[in-house]
Structure formats: C-alpha cells, structure tokens
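Breakdown of the fold
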Amino acid sequence: MKGDRPGLFGETARRSRRGSSGSAGRRARPGSSGWAGGRGGGRGRGRPGPRRTASPSARRRRAGYLFSLPGLVFLALVLAYPLLYNVWTSVHDVRLTELLGGSSPFVGLDNYRTTLDDPDFWHAVRLSLVFTAGSLLFQFTIGFALALLFARPFPFNGLLRSLLLVAWLLPPVVSGTLFRWMLDQDAGAYNALLRAVGPDSLAHDWLIDPGTALAGVIFANVWVGVPFNMLLLLVGLHTIDPELHEAAALDGANAWQRFRWITVPLMRPVSVTVLLLGLVYTFKVFDLVFVMTGGGPVDATSVLSLYVYEIFFKFFRFGEGAAAGLLLLLVPLLAGAWYVRRLRGEGEAA
Amino acid sequence: MRPRRPWLFTTGATLLTAAFLLPVYWMVNTSLTRPDRILAETPRWIPAPPTTENYTTALSDDALLRALLNSVVISCGVVALTLLLGVPLAYALARIRMRGSGTMVFALLIAQLPPTIVLAAPLFILERRAGIDDTYLGLIAADTTLTLPFAVIVLRPVLRSVPRELEEAALVDGCGPVGVLLRVVLPIMAPGLVAVAGLSFLIAWGEFVFGLTLVSEPDVQPVTVLLNAFVGTHGTAWGALMATATVISIPVVCVFAAFQRFIVGGLAAGTVKG
C-alpha cells in the first residue's frame, strides 16, 4: 500500500494551507536572512530588464507556463498516456508475440465481455468487497477508539502516538513478511499466544487454510491502516470545542450521552473523509496480499488487484488485463470524484 | 477536560501500543535469535543471548547488497526527479495566475487515484517498446508518478506561505522569475523541501509493484522485490528473512524520526478545517 500512500498526504494536505503556512512561517526567519545575504550580492540590480516588450504580469504568466511545463510533460508521458494506452489495449487483442512487432486486431468490447463472463473475476470482486469492508470496519472502529484515548492529555502521549505511526510507514512488503511470520502455524507468535491462553486447538494455520486466509490478510491490513485512521480522527476530535462537553456535563449528561450526542455528530464530516480515503486505498491494495498469500490458497485471497496482475503479467492476456484494470479503476475514480466535489463544495461554503 | 489520573491513561496507552507493535518487536527479536532456536515449540520473548548470526548470513549475500544499492539509487533518483519537476510546477501553481491552473490541481488530485497495478500494466508494454524496461531510468520514472503529484500538492501551500513582498522586492531589484525562485523562495521553503524529499524517499524505498513488474534483471531490482522472492524460496529461513526485513526498515524509521513533526503536522493540518 505504500505506493498508494502519497495520496494520503496529498489529498488531505490540499486543505492544509492554514496549518502548513503556520509552521513554515515560523521557520521562515533563518531562511529569509539567508536570502538577504544572497541579495547583498545584488548582481542583478544594475542589469536593465527587458520589460519594454511585455507587461510584468504577462511575463510572469509566461514564466508560470514554462515552470509547469517539464512536470506536466512528464506526467503526460508517464501517467496520462499509459492510462489512455490502457484504454486502447482494452479494445484490442494484444498478446505477447504481437508485442514484439505484430498486429493487434481491434476487438471492440470483447475483452470486457470475456472479463465480465469470467467467474474468477466475480470471485475477485466479491473478495475485494469483503476485504475492503472488513478492513474499513475494523481499522475505523479501532482507530476511533485509539483516537478517543489519545485525545486525552497524559504523559508520553506524543511519543506513543509516534510509535504507532511507525507501523504505518513500514514498506508493505515488510509488513506482509512480518505477518506471514506472526501467523505461522508452528512458530508464529500469535499462535503461541493463543496456545498460552487456551487449548492447543486454538492455534491455526491462518494463511494456509482457505477458510481463514482472507481473515488473516484483513487482519494485517487493519494493522497497517489503524494508525492513519487514528491520526486523522484524532485531529478531528481536537477541533471539537471542549466547552460543548463541559456544558453538557453541567447539564447532567453522562459520558456515553456526551459521546453519542456531541462527539459522533460533530465527527461525521471527518469520518466520511477517513472512510472514503480508506475505501480508495484499500480497494487497490496489492503488495500486502501478494506477499502474504500470493492470492492463494486456491484463490481464497485473490482480490481484484491480484486478478489483474495474474491476467496481465502471468498469462500475458494484455487486452483482458487492461479491461479488468479499467474496471478496477472505476471504484477509486468514482469515490475520488465524489470526494473532490465534496471538498470543493465545502471550499465554496467557507 | 483533564482526566483525573493521567498516569492511568499512560499505562493503558503504553500497553495498547506495545500490543500493537508486537509484530515489529517480533521481527527484531527473531532477527537476533539463534537460527536453531527460532522454530522452537515455545518462542522466546527475549533473544538471550542475542546473536548477529542472521545479519551476517543475510548481508553476506551479494544479491541483498546489490538490491540495497539498487534501492538507494532508485530512491535518490526519484527524490531528485520529484524535486526537479515538482518545485517549479508547485511554484507556478501557487503563485502565478495562469489559465487552467485549477484544472491542473484537480488533475494532480485525480492522478493519485489509479491503483499502481493499473498503471504498471501499460507502462510494462510502453517501457519495453521504448527499451527502458529493466533500467533504473524506467523504474525511477514510474515511481515518480507516485511522488510527483503528492509533492506538488504538499509544496503548493508551503510556497504560498512565502511572503509575497520578498519576491516583489527581488523582482523590482531586477531578478528574473527563475532568480526569484532560486534565490528567494527556495531558501525560505527549505524545511518543506527537505520533508517532501524525505517522504518521496520513503515512498520509493517501499515501492514494490513497479519493481516487480517493470524489472526482471537482478542488477536493477529493488530490495522489496528481493525480500518477496526470499519469502517464497527460503520460506523457513526466518532468521535471515527477519534480519533482511529489519535492515530494510531502518531507513524508514530514521527518516520518520527526522521528519515526524512534518508528517504528523501535515496530515493533521489536512483534515482540520474550521
């Protein structure tokens, strides 16, 4: 999921103008004095600017386009073009041999039809839905509970919170390997703990049994997702005016009532954001599952991203792989479009 | 509201954090345990006495060293490319009134949505055609699609916080737009730049899907792909495996320790909104 992480910063940081500017402003002093030193060189001062030809604002605009050009060209070449090319591939019969210089006949929607007729595809869709729903449910509730705990002031609060975040930043391949080891039947630490608290039969080969492999993968993914959920929800909790709680307490509301009637409703917008980001990122998880089970046993954990990988990179059925990939893209795209619209709506309201 | 017994909360939070971090502890613990004790019936919670045997085994493998080197090269390349392309783009989007800049920002947000595997598929074909599959360049370019949109979106507000007066003063003094960016803006935003560089490094360091699909030469493969290959082939050599995993995690922990204020602050500021 690491590959998917940039968005976590990106999308949330989009609204961060106020916060970031605060911290950057604080740090601006040493930097600005350095600049003053640079200006002291003042070599440009005597040079006459070519200002006669264009107005300063037009010049600036031209500079703006020039500045953005390299980045935009790069993204067009390596991001936009490949995605569009994927659309082309999805309506052509592209095979490995043709990749080496053959022709790829146009087949219309055949690849989509093949994919939609494939029972394995629908199996993968179901697994993705269960994987996503299970991950979201647990990482959100556990994250919320931890956020409520960490919202209280207590010694070492910040340190413990930072430690939790380490789990989230580990490369997914490392987390996957870790959980393979933790869930191992014989020497796995979790099974050792289970054996310690109960009968030996509690120990289980979680990832080898098709009945529990998906649960094992969800377990690991929840572990990866909890810190992120906690952090965002914690920020949300801090925005709630403590006076509301105090007033309610004076009026005789108990802790549960204050939680139910103050915290929950005020946390709704943040919760929607967190769940939606979680949906986008969980739906496309690949590496964690790939490393833990490789999609097995017997396709028990072959979620949609692994299905696409198999069709494309294992069977080299490029056309069908491209079609399945575009179908996989649909969910995050719809969710993302809805989210951005929501953000914009808020922005206009503010 | 001030809880009456703050240390009680500290104790509870410590226990929960410890339980949560058990896998990480177990990784280090296993990596320091003698190989013949790792698969013992009752696992030992403390490696007594600790041994570096697993690390010696893991690091004596040329393939691992090569893969680590590859990952360093790739990650540094991604950081360089991200800053080189991202800073001017972010600056233009933050400061200069241009037609279509709203659309560009929107596109950058959308750019973060596609699952990596969906992008890896066409890139596999296209990079092969272009002859840059199995090269650092091909992998660096692919990884940068993950870091660039995010870097621009994070840097834009940082750039906006640079006092406009400073820039205008420099323009009046005869500095060109490039001079303003290099001499005035960059020094001020250095902390933000360093943090974005650190995060881009982390993303590239942990990247797996592109490494798996776009590269088959061991000479170019990143260490994440190697670790996965180890899990498959040396499935039971858990000691060396956990030593390798620990080695891969060390840069992550270091970078996080260095930039955690920014990471937490940036994320925090992101969701807070009046």
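Look up a bit, the structure's there.
These figures come from a predicted structure and were not determined experimentally.

Focus on the side chain of N228 of chain B
- Mapped onto the fold, N228 of chain B is located in helix α13 (residues 223–233).
- What N228 of chain B contacts, discounting residues up to four positions off in sequence, is V173, F290 and V291 of chain A together with F208 of chain B.

Quick notes on the environment of T97 of chain A
All names here are of chain A.
- One can find T97 in helix α4 (residues 96–99).
- Residue T97 is classed as exposed on the basis of its relative accessible area of 62%.
- Once the C-alpha coordinates of T97 and P171 are considered, the two residues, 74 residues apart in sequence, prove to be 35 Å apart.

A look at the packing of aromatic side chains
- On inspection of all chains with the given rule, the structure shows 31 aromatic pairs over all chains.
- Consider the rings of F179 of chain A and Y190 of chain A, whose centres lie 6.3 Å apart with planes at 35°: the pair is tilted. Pair noted here: F179 of chain A is in helix α8 (residues 172–182) and Y190 of chain A is in helix α9 (residues 189–197), with a separation of 11 residues, a long-range link.
- Overall, the relative accessible area of 0% leaves F179 of chain A in the buried class.
- Cluster of aromatic residues (ring-pair linked, three or more members): F286, F290, Y309, F312, F313, F316 and F318 of chain A together with F124 and F208 of chain B.
- The ring of W261 of chain A carries the charged tip of R260 of chain A above its face, separated from the ring centre by 4.3 Å.

A closer look at the interface of chain B and chain A
- Listed per partner, the contact involves 124 residues of chain B and 121 residues of chain A.
- For the pair chain B and chain A, the two sides together bury roughly 11500 Å², of which 76% comes from carbon and sulfur.
- The interface formed by chain B and chain A includes 0 salt bridges.
- For the interface between chain B and chain A, the tally reads 7 residue pairs in polar contact (both at pLDDT 80 or more).
- It is helix α14 (residues 238–271) of chain B that contributes the most residues to the side of chain B that touches chain A, 19 residues altogether.
- Looking at side-chain class alone, the side of chain B that touches chain A contains 89 nonpolar, 21 polar and 14 charged residues.

A word on the pattern of salt bridges
- Taken as a whole, this structure holds 5 salt bridges over all chains when the rule is applied.
- Residues K314 of chain A and E310 of chain A are paired through a salt bridge, measuring 3.2 Å at the closest nitrogen-oxygen approach. Residue K314 of chain A and its partner E310 of chain A are located together in helix α15 (residues 304–314), separated by 4 residues, close to a single helical turn.
- Exposure remark for K314 of chain A: the relative accessible area of 52% places this residue in the exposed category.
- Judged by its relative accessible area of 22%, E310 of chain A is partly exposed.
- A salt bridge links R34 of chain B to D36 of chain B; its shortest N-O distance comes to 2.8 Å.

Basis of the calculations
- Residues numbered from 1 in each chain as written.
- Chains lettered and ligands numbered in written order.
- Predicted model: local features only at pLDDT ≥ 70, side-chain atom pairs only at ≥ 80, totals over all residues.
- Heavy atoms only, no water.
- Helix = DSSP H or I, 4+ residues; strand = E, 2+ residues; numbered from the N terminus.
- Contact = heavy atoms within 4.5 Å.
- Buried < 20%, exposed > 50% of the residue type's maximum accessible area, 1.4 Å probe, protein only.
- Phe/Tyr/Trp six-rings, centres within 6.5 Å; stacked < 30°, edge-to-face > 60°.
- Lys NZ or Arg CZ within 6 Å of the ring centre and 35° of its normal.
- Buried area = accessible area lost by both parts, 1.4 Å probe.
- Salt bridge = Lys/Arg side-chain N within 4 Å of Asp/Glu carboxyl O.
- Polar contact = N/O pair within 3.5 Å; in protein donor to acceptor, adjacent residues only side chain to side chain.
- Nonpolar A, V, L, I, M, F, W, Y, C, P; charged D, E, K, R; others polar.

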